[in-house]
Structure formats: C-alpha cells, structure tokens
Amino acid sequence: MATDPRPAYQARLEPGENTINRSTWAGGIPPARATAPHVRIGRERWLNILWLLPIGFVMLITAIAVAKGLRNMPAVQDFMSRYPGEHRDPRAPVGMPGWLDWQHFFNLLLMTFIIRSGIQILADHPRLYWTRNSTPGKEWMRISKPVPDDALWTAKQDSVGLPGQLGLPGIRHSIGLARWWHLGMDTLWLLNGVVFYILLFLTGQWRRILPTSWDVFPGSVTVLIKYLSLDWPLEHGWVVYNDLQLLAYGFTVFVAAPAAMLAGLGMSPALSTRFRPVSKVLSIQAARSLHFLVLCWFLIFILIHVTLVVTTGALRNFNHIFASRDSDDWIGFGVFCVAMIVVIVCWVAATPFTIRHPRIVQRVGFALIGPAQRLFEHVDAKPGEYSEKDISPYFWHNGTYPDSDAYRALQDNGFADYRLRISGLVDNPVDLSLEQLRALPRHEQITQHFCIQGWSGVAKWGGVSMRTIMDLVKPLPEAKWVVFYSLAEGADGGSYYDAHAMEQMSHHLVMLAFDMNDQPLSFGHGAPLRLRNENQLGFKQVKWISGIDFVAHFADIGGGYGGYNEDHEFFGYRQSI
Ligand SMILES: Nc1nc2c(c(=O)[nH]1)N[C@H]1C(S)=C(S)[C@@H](COP(=O)(O)O)O[C@H]1N2
Ligand SMILES: [Mo]
C-alpha cells in the first residue's frame, strides 16, 4: 500500500527554539509577578500571610514569658523531673558515621532545587483548593490576584512569575522546565532516601531518631518548656537526641518525606484515574494542597533546625554532621563552608543554566524520571468511576485559541464543511465529516482532566472511542505513534500538535470527543473535535483537531520532541505523572 503524501498542515510546523528568549517566551506572555500568599478566611475574606510574621513574633514572646512562669511552678518542676525529655536507647550506636554526613549533604543540596522548582510549579497555577474542582474564588490559598471576569480567561494567562533566584527558573509559565528539575531531583532525593532508610536499619542508627516509648510526648513538653524559657537542654547529639528532636527528626524522615512522595504521586493523571478508591479521598487538589503543607513543614523545620544548630554549640554540631567527628575544633566548620559554597554555586547557576540550556534540562530530566513516566503509561483505567454529580461547575480553559479565516469559515458554517483527515501508516485512510463521526458507535466517559499547571476538572465527554477509529482505519504494524494535529496554532505560531504512543490508543479512556457535558463542544473547549487520553496531562489533549497521522516515529515532525509544547516549552512527551 502506498503511504499518503504528507498532510498539508505539516507544512505549518515550527520547530521551536533551543534557548529561551525572555521577550518571545511562551508566545510573548508579559511578565506578571506572584503576590504574597493569601489565605481565604470564610467566604471571601483574604489574609496576607505575611501578617503571620509579626503575629508569630508576639506569640513567641508570649510563649517565652509563659514558659518562664511555668518553670517556677512546683507541679511543673515535678513533671519535668519525671519526664526529663531525654532517654538513650542502650542499643543505639554512638556517633555519626560518614555515610550519614554525605547523605545529609546530598539531601540538603537536592532539596534546594526541589523547593525552588516546586514553588515555580505552584506559580503556574497560583491557587490551591481542597475539592477536585478548581472553581475560581473557592481556592483556600493563592499567590496571585483573583481570577478576572472573562469567560475565555485561560490558565496560562493566570500563571505568574517569580524572582529568578527564588523560582527555578523563575520566568512566567516555565513549568515544563521546573518540572524536569522537580521530578528529576525528586528521583535522586528518593534514591538518597531509600539508601538512608536501608543504612538506618542496617546500622541501628534508626534507634537514634525513631521514638520507641510513649514518654517521648511528655518528654517533648519538658524540652519545649526548657527551650522556650531560654534555659536550653544540654546538647550532646553525638550520643543522644532530646525527645523533641526525636519527634521532629522522626516525623520529618518517616512521615513528611513519604507524605511528600505520596501526595506528589496523587497528582498523576494515570495513577489517580486508575486508583479511584484512593483518589476519591485524596483528589489531585487535596494532594496538591497536602504537598504544599509538607513544604511548609520542611521550611519550618529547616528554619528551627538551622537556628538551633548554630546556637547550641555550632562548632561541635558542624563536626558531627559534616565531618563525623565529636570535637570542638574548626574542621567541621571548614567542611561546612566548602559544602555551602557548592550549594550556593549550584543555586546561583541553576536559573541562568536553565535559560541557556533548556534542552539539556529537558533531556536529563527525562533520563531521570522518564522510566517512571513510561511505567505508569501502561496503566489502563476503566470508565465509570465518576458520575454526573461529580461534573465540575467550572472547567478552566487553556491554550491558544484558533484565530484563522479557515477556522472561522468552518465555524460560521456550523462545521458542515469540517473533515477529519486520518492518514499515515494505515490500511484505510479516511476523511470524516462530523455527521459521519456522529454516526459511528457512541462512546461516553466521565473523567477528570489534569492540566500540567495544576488545575483539574471533571466533565462528561461524548464522541467516538479511538478503538472504533482504529477498527476503521486499520493501522499498519509499523505505526508506533499517533500524531493529533490542530486547526489552531500554538502560542509561538505553527500548528499545535501532539504525539501519543500507539499502545495507549486501545485503552478504555482514549477517545475523540465532540460533546462535553451533553452539549456540542464549545469553541473554547475545542469545537468541533478534541482528544481525550485520560492517562496523560491536559496539554496532550489536542483541541480543534484537524487531522490524525499514524507514524513510525515523531522525530522528524516539528522540532522532533513529540508535540508543540515539547518543542516550544520543553515539556515531556510522556506525561502520566
Ligand atoms: N490546539 C490546542 N489544543 C490544546 C491546547 C492548545 O493550546 N492548543 N492546550 C492544551 C492544554 S494546556 C490544556 S490544559 C487543555 C485545556 O482544555 P480545555 O480548555 O478544554 O480545558 O487543552 C489542551 N489542548
Ligand atoms: Mo494544560
């Protein structure tokens, strides 16, 4: 069989740049900065959380006064001598081995990237919600202004930028690159964590940071009173931690870190769609909010931890955790300074490097997290887990709307002249009108949309299953990728398109939709036809589809990275997480 000549729309592909030009980035989106975090109180009152700084300061002073008063009370003194706030497990090893110091260093280095890129990801949809609906005004926290009253306002317009040395890489709508940093470094951080867990248990070091008696709770109260009354407990961390340290370290290592990972995975479209019993309770938005609260815990922990390290025998503490020695000399401090120089150099270089070499970030990021993204792509969720009552009252718009005479001509005519062209490596290429598409067996699914930026929404989609399409066109065995082209251009010009792996096309929740919530698809949501592949993030759901091409590979299409956002905004082509 002779393969088709290349469809005309392929001539309009733009390859995309290999560096970032700030003035043309993301279609020339003007800079807009994040605001201070605001938390919603009641229906529509918003508190700027910077107020918590003076409030916290007053509370700290008050707590110090209260703690000093308490310490003079005989009953409290009794309590404190009954629960001294420190007990050494006789089986626990003494001292900090070298591997612990190395892991502590890698952990802190990786966390600087993870935190910066994480905040950048938040800035791409600067709102947090508790329900899976992302209804404007219903968020509990935002780092931007309220959503303006504009029916076609897009999530992309809603994104905000960050200072370049806070966010990674700072600039507005740089989520593609921020995600490589975040997910890539996460992978290394988790590996470091797995090694840490294994060594903790092999060497018995776990006995030093995991409480083994309930006395740790009253004991922590004793320690807290000591700290707050400014009469600090004696530090000899080489041998034993006090009960409050035990709780803080144990919680950070065994609760906060796994919670960060689980909440992170809770935002994956493939996993959330597949494991509905879990995602029913922990929806993507609950997971996102929780992920953010874990960040808050880490930030508070880091602040208090560092403060106490330098105020309770800094030289000795630096020797412990940077040089595995129990001494008062300056060696540990010297190692600490070298470590900090490494951290600072990496910190300062990360944003300029990313702006100059985004393709390297894209490639290395994919090398690190790609295997997991590939793995979860095989998950095939079944329809029917959401019902009509789950449909979101508000469904964000996103992307670049079609703005061509050709599209307007189709639209003016009620899409009577629309033809869906399906060709490439197939036995039976077809041109289908909307009427012909509607005559095919109808497929419906109520599913959740996961935009890469972080918002989500449930809708009912009506149309044709991709299985039906494949029965019709009969792909050849060489066809490994299916490329969906749009009538609309992308933000930087050239046709929007995206490639999907052939093996997913027979999954239950992959379809071409011409109806949304029992209405014909609206202009904003992709009229007359769009893709739904519920294993993947939103940007892969091509709207205003013009044609579908079955190919052996996407390397020679557009920029060759597998889609418009992959070419132009350094996204990844496998987006199951
Ligand atoms: N042609 C085209 N399709 C597109 C986009 C686009 O810019 N152009 N944006 C994508 C993104 S980023 C998302 S999140 C979804 C949004 O779909 P919605 O507007 O119906 O919510 O469409 C996707 N499909
Ligand atoms: Mo998106």
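Residues numbered from 1 in each chain as written. Chains lettered and ligands numbered in written order. Predicted model: local features only at pLDDT ≥ 70, side-chain atom pairs only at ≥ 80, totals over all residues. Heavy atoms only, no water.

Asker: Please explain the domain arrangement of the protein chain as it appears in this structure.
Answerer: Assigned domains of the protein chain: these are domain 1 (6-19 + 379-568) and domain 2 (48-144 + 156-372). Here the C-alpha centre of domain 2 lies 41 Å away from the C-alpha centre of domain 1. Listed as interface residues are 34 residues of domain 1 and, on the opposing side, 33 residues of domain 2. Interface area, domain 1 with domain 2, both sides summed: about 2,800 Å², of which 56% is carbon and sulfur. Of all residues in domain 1, Trp-396, Phe-450 and Gln-453 give up the largest surface area on contact with domain 2, accounting jointly for 23% of the area buried on that side. The tally of links between domain 1 and domain 2 comes to 15 residue pairs in polar contact (both at pLDDT 80 or more). Broken down by secondary-structure element, the contributors of at least two residues to the side of domain 1 that touches domain 2 are strand 7 (443-450), strand 8 (456-465) and helix 19 (564-568). (Domains from an automatic or database assignment. Contact = heavy atoms within 4.5 Å. Buried area = accessible area lost by both parts, 1.4 Å probe. Polar contact = N/O pair within 3.5 Å; in protein donor to acceptor, adjacent residues only side chain to side chain. Helix = DSSP H or I, 4+ residues; strand = E, 2+ residues; numbered from the N terminus.)

Asker: Sorry if this is basic, but what is going on with the nonpolar core here?
Answerer: Core analysis: the biggest nonpolar cluster contains 138 residues, and Leu-420, Leu-437, Phe-484, Leu-512, Ile-545 and Phe-550 have the highest contact counts within it. It is helix 4 (residues 98-124) that provides the largest number of residues to this core, a total of 12 residues. When residues are assigned to domains, this core turns out to be shared by domain 1 (6-19 + 379-568) and domain 2 (48-144 + 156-372), each giving three or more. Every residue in contact with Leu-437, bar those within four places of it in the chain, is listed here: Leu-420, Leu-432, Val-464, Ile-469, Phe-514 and Leu-529. (Core = buried A, V, L, I, M, F, W, Y, C linked by side-chain atoms within 4.5 Å. Buried < 20%, exposed > 50% of the residue type's maximum accessible area, 1.4 Å probe, protein only.)

Asker: What exactly am I supposed to notice about the pairing of strand 10 (residues 495-501) here?
Answerer: On a regular strand, one side chain projects to one face of the sheet and the next to the other, so that they alternate. A large share of strand 10 lies buried, amounting to seven of its seven residues. Inspection of the sheet shows strand 9 (residues 481-489) paired to strand 10 by six bridges, in the antiparallel sense. In the strand pairing of strand 10, Val-482 is matched with His-500. Linkage of strand 9 to strand 10, two consecutive antiparallel strands, is achieved through a turn of five residues, within which Gly-493 is found at a positive phi near 85°. (Pairing = 2+ DSSP bridges.)

Asker: Any chance you could explain the site of ligand 1 here in plain terms?
Answerer: Around ligand 1, 20 residues are found, and the nearest of them are Trp-396, Ser-486, His-525, Arg-530 and Lys-543. Within the side chain of Ser-486, one N or O atom sits 2.9 Å away from a nitrogen atom of ligand 1. Out of a free accessible area of 530 Å², ligand 1 has 96% covered by protein chains. Taken together, the residues of the shell around ligand 1 break down into eight nonpolar, 10 polar and two charged. (Near = heavy atom within 4 Å. Areas by Shrake-Rupley, 256 points an atom, 1.4 Å probe, with all protein chains shown as cover. Nonpolar A, V, L, I, M, F, W, Y, C, P; charged D, E, K, R; others polar.)

Asker: So what exactly am I meant to see when it comes to a nonpolar patch on the surface here?
Answerer: The grouping of Trp-51, Leu-52, Ile-55 and Met-59 at the surface amounts to a nonpolar patch, some 450 Å² of accessible area in total. Mapped onto the elements, Met-59 comes out in helix 2 (residues 52-71). On the basis of relative accessibility, which here comes to 55%, the residue Met-59 falls in the exposed class. (Patch = residues over 30% accessible without salt bridge, like charges linked within 9 Å, V, L, I, M, F, W, Y side chains within 5 Å. Salt bridge = Lys/Arg side-chain N within 4 Å of Asp/Glu carboxyl O.)

Asker: Would you mind showing me how to read the sheet that holds strand 10 here?
Answerer: Strand pairing in a sheet is mediated by backbone hydrogen bonds. Such pairs are either parallel or antiparallel. Strand order in this open sheet of five strands is 6-5-14-9-10, and the pairing throughout is mixed. The sheet is open, and its two borders are formed by strand 6 (430-432) and strand 10, each paired with just one other strand. Sheet twist, expressed as the mean angle between neighbouring strand axes with direction ignored, is 15°. For strand 5 (residues 420-424) and strand 14 (residues 545-551), the ladder comprises four bridges, and the chain directions are parallel. Each bridged residue has a counterpart across the sheet, and for Ile-422 the counterpart in strand 14 is Ile-548. (Axes fitted to C-alpha atoms, helices over the stretch in contact; angles between N-to-C directions.)

Asker: Explain the packing of aromatic side chains to me, please; I cannot follow it from the model alone.
Answerer: Each aromatic ring pair is summarised here by two numbers: the centre-to-centre distance and the angle between the ring planes. All chains considered together, the criterion is met by 40 aromatic pairs. With centroids separated by 4.2 Å and ring planes inclined at 20°, the aromatic side chains of Phe-318 and Phe-336 adopt a geometry described as stacked. Here Phe-318, found in helix 13 (residues 314-323), pairs with Phe-336, found in helix 14 (residues 331-356); they are 18 residues apart in sequence, far enough to count as distant. Of the residues examined, Phe-318 reaches a relative accessible area of 7% and is grouped as buried. With a centroid separation of 5.7 Å and an interplanar angle of 80°, the aromatic rings of Phe-395 and Trp-455 are classed as edge-to-face. In this pair, Phe-395 is assigned in the loop between helix 15 (358-377) and helix 16 (405-412) and Trp-455 in the loop between strand 7 and strand 8, connecting sequence segments 60 residues apart. One exposure class covers both Phe-395 and Trp-455, and it is buried. (Phe/Tyr/Trp six-rings, centres within 6.5 Å; stacked < 30°, edge-to-face > 60°.)

Asker: Is there a simple way to think about the side chain of Asn-319 in this case?
Answerer: By secondary structure assignment, the location of Asn-319 is in helix 13. A distance of 2.9 Å separates a polar side-chain atom of Asn-319 from the backbone nitrogen of Gly-332. Those residues in contact with Asn-319, other than ones at most four positions away along the chain, are Asp-101, Ser-324, Arg-325, Ser-327, Asp-328, Asp-329, Ile-331 and Gly-332.

Asker: What is the right way to read the pattern of salt bridges from this model?
Answerer: Pairs can form between side chains of opposite charge once their charged atoms are near each other. Applying the stated criterion across every chain, the model contains 24 salt bridges. The salt bridge partner of Arg-127 is Glu-139, with a shortest N-O separation of 2.8 Å. Taken as a pair, Arg-127 in strand 3 (residues 127-128) and Glu-139 in the loop between strand 3 and strand 4 (141-142) lie far apart in primary sequence, 12 residues in all. Take Arg-127: its relative accessible area is 0%, and that puts it in the buried class.

Asker: I keep staring at the packing of helix 6 (residues 175-203) against helix 9 (residues 243-265) and nothing clicks. Help me out?
Answerer: Two packed helices can be described by the angle between their axes and the distance between those axes. Two numbers describe how helix 6 lies on helix 9: the axes approach to 12 Å, and their chain directions differ by 150°. Taken together, helix 6 and helix 9 sit at an angle that is classed as roughly antiparallel. Viewed along their axes, helix 6 and helix 9 form a crossing whose handedness is left-handed. Where helix 6 abuts helix 9, its residues Trp-189, Leu-190, Phe-196, Tyr-197, Leu-200 and Phe-201 lie against Val-253, Phe-254, Ala-257, Pro-258 and Met-261. A breakdown of the residues in the contact of helix 6 with helix 9 according to their chemical character gives 11 nonpolar, no polar and no charged. (Parallel < 35°, antiparallel > 145°, perpendicular 65-115°, else oblique. Left-handed = near helix turned anticlockwise from the far one by under 90°.)

Asker: Mind showing me how you'd approach helix 14 here?
Answerer: Since one α-helical turn is 3.6 residues long, residues separated by three or four positions face the same way. Relative to the 38 Å expected for 26 residues at 1.5 Å per residue, helix 14 spans 38 Å between its end C-alpha atoms, a close match to the ideal helical length. The largest bend in helix 14 is about 35°, located at Ala-350, with the proline Pro-352 one to four residues further on. When we look at burial in helix 14, the residues that qualify are Gly-332, Phe-336, Ala-339, Val-343, Ala-350, Thr-351, Thr-354 and Ile-355. Contacts from the buried residues of helix 14 go to helix 4, helix 6, helix 13 and helix 15. (Expected span 1.5 Å × (residues − 1). Bend = angle between axes of the 7 residues up to and from the residue.)

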